[in-house]
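# Tertiary structure, described
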Amino acid sequence: MAKEKTHYVCSDCGGTSPKWQGKCPSCNAWNTLIESAPESASPVKNRFASLAKTAEIAVLGDIDAIDMARTPTGHEELDRVLGGGMVEGGVVLIGGDPGIGKSTLLLQALDSLQRSGQSTLYVTGEESGAQVALRARRLGLEGSQVRVLAEIGLEKILATLQATQPDIAVIDSIQTVYSDQLTSAPGSVAQVRECAAHLTRAAKASGVCIVLVGHVTKEGALAGPRVLEHMVDTVLYFEGDTHSSFRLVRAIKNRFGAVNEIGVFAMTEKGLKGVSNPSAIFLSQHAEPVPGSCVMVTLEGTRPMLVEIQALVDSGGPSPRRLSVGLDKDRLAMLLAVLHRHAGVACMDQDVFVNAVGGVRISEPAADLAVLLAITSSLRGKPLPKGFFAFGEVGLAGEVRPAPRGQERLKEAAKLGFSVAVVPKANLPRNLKTKDFEGLTIHAVERVEQAMEVVRNL
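Residues numbered from 1 in each chain as written. Predicted model: local features only at pLDDT ≥ 70, side-chain atom pairs only at ≥ 80, totals over all residues. Heavy atoms only, no water.

### Topic: the overall build of the protein chain
A count of helical and extended segments in the protein chain gives 10 helices and 23 strands. Here the contacts in the protein chain between residues at least 6 apart in sequence split such that 65% fall between residues at least 24 apart. Carbon and sulfur atoms provide 52% of the accessible area of the protein chain, an area that totals close to 22,800 Å². Here the protein chain carries 48 positive and 49 negative side-chain charges, and the mean point of each set is 2 Å from the other. (Helix = DSSP H or I, 4+ residues; strand = E, 2+ residues; numbered from the N terminus. Contact = heavy atoms within 4.5 Å. Areas by Shrake-Rupley, 256 points an atom, 1.4 Å probe, with all protein chains shown as cover. Lys, Arg positive; Asp, Glu negative; His and termini not counted. Charge placed at Lys NZ, Arg CZ, Asp CG, Glu CD.)

This is the structure:
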């Protein structure tokens, strides 16, 4: 069968060209021509028409809202990020750096699903079947009944999906799959978009749950067109340093659950194991309290986690340095100005270094109060009391604003044995006599200077 001719379409104006050019002949934009398959002259004009289901107009209030049935993967942390498990007909895109553990986690999940009675298929385009079998042996998955297909041709993969009708299929990776409709190489923008669109349509039409593995660029974004993320139902990112044994899986988009959920895994000899108490990773184990250390409670999705904020204030030269790891650099400069103006603590001639322990990144402003208290503690050389923690957003006028879901943060800290808290007044629980806050002394503050005064008295 002869290959269909392709043409090049401008992504800006939609103009076409029979061959690739650096500049679009219609609108003169540079590097916007992308290869695509032209519409055929046959009665079925759109190549997705056979996969699309027809539906009648319905009134929104009359449509039955049925919760999606979920299939647990056997890994609690992965289920948490997915929103409870795999969904029938759902398409999940999982991205991350090379060697971070994407294939390992998915192979473990497929094995657990297969043992629970689900029909599974693992399509590998990067390795041979023997290499996948070797990995399974290393992970202790002897005698696994997961079906493996080493194939990169889209048409063959779709035919296999139709013939075997698995419940869950993994495509590892989408950048290696190619369609005969296009002449460009696997991994090109046109191929990735075309293959992902076909697989997504196949998932919706047949009800099979498909997991696509995606490569990431040097900048950390998923390789390929941005439309890839819009096409799928769930986007997960693997984060973490390859030198560290801990990995974070974060949900960036989820049509079937909460976004910004986080799952924490530890890489062991037998693969990735879920960490049920991630706060233990992000807290340093000091025998005695040390200056410049303050614990805060951050929210990752619906999960409260305790993270230690460390600050080091040292005498600087004529141009002092401001450096932060895991926190926003511009926010640090702003907080130092608030500290000077409203609390009378000057760091103009000092180097200030701030770090979030464990390689975690904190983007929420609830860390402000903990950062200020850690800086003050380091500057004065006096440690904060044992079992102390703080959270709250600090405004430019010196006010301490409430953090969202403050009661859950307080409960998490009390559960882990923390005894003294400095929190915004609006986050003070109405009933402190419940078991959740037993043994916890809470100091509610409205302004930065009040917080400094409370800490001095402690």
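### Let's talk about the sheet that holds strand 2 (residues 16-17)
Note on sheets: strands pair through backbone hydrogen bonds, and any given pair is parallel or antiparallel. Overall, antiparallel pairing links the 3 strands, which are arranged 2-1-3 in an open sheet. The open sheet has two free edges, formed respectively by strand 2 and strand 3 (33-36), since each of these has just one partner strand. Bridge analysis of strand 1 (residues 7-10) against strand 3 gives 4 bridges, and the strand direction is antiparallel. Bridging from a neighbouring strand, H7 pairs with S36 of strand 3. (Pairing = 2+ DSSP bridges.)

### Let's talk about the pattern of salt bridges
All chains considered together, the criterion is met by 16 salt bridges. We note a salt bridge from E393 to R331, for which the minimum N-O separation is 3.9 Å. In this pair, E393 is assigned in strand 20 (residues 393-394) and R331 in helix 7 (residues 329-343), connecting sequence segments 62 residues apart. Given a relative accessible area of 23%, E393 falls into the partly exposed group. For R331, a relative accessible area of 23% translates into the label partly exposed. Notably, a salt bridge pairs R405 with E408, separated by 2.8 Å at the nearest N-O pair. E408 gets classed as partly exposed once you look at its relative accessible area, which sits at 33%. In this structure, a network of salt bridges that share partners links the residues E239, R250, E300 and R361. (Salt bridge = Lys/Arg side-chain N within 4 Å of Asp/Glu carboxyl O. Buried < 20%, exposed > 50% of the residue type's maximum accessible area, 1.4 Å probe, protein only.)

### Observations regarding the sheet that holds strand 7 (residues 120-124)
One open sheet accounts for 9 strands, arranged 8-7-9-10-6-11-12-13-14; its pairing is mixed. In this open sheet, the two strands that pair with only one neighbour each are strand 8 (147-150) and strand 14 (271-274). Each strand axis lies, on average, 25° off the axis of its neighbour in the sheet, ignoring direction. Packed onto the sheet, helix 4 (residues 154-164) meets strand 7, strand 8, strand 9 (168-172) and strand 10 (209-214) and runs at close to 170° relative to strand 7. (Axes fitted to C-alpha atoms, helices over the stretch in contact; angles between N-to-C directions.)

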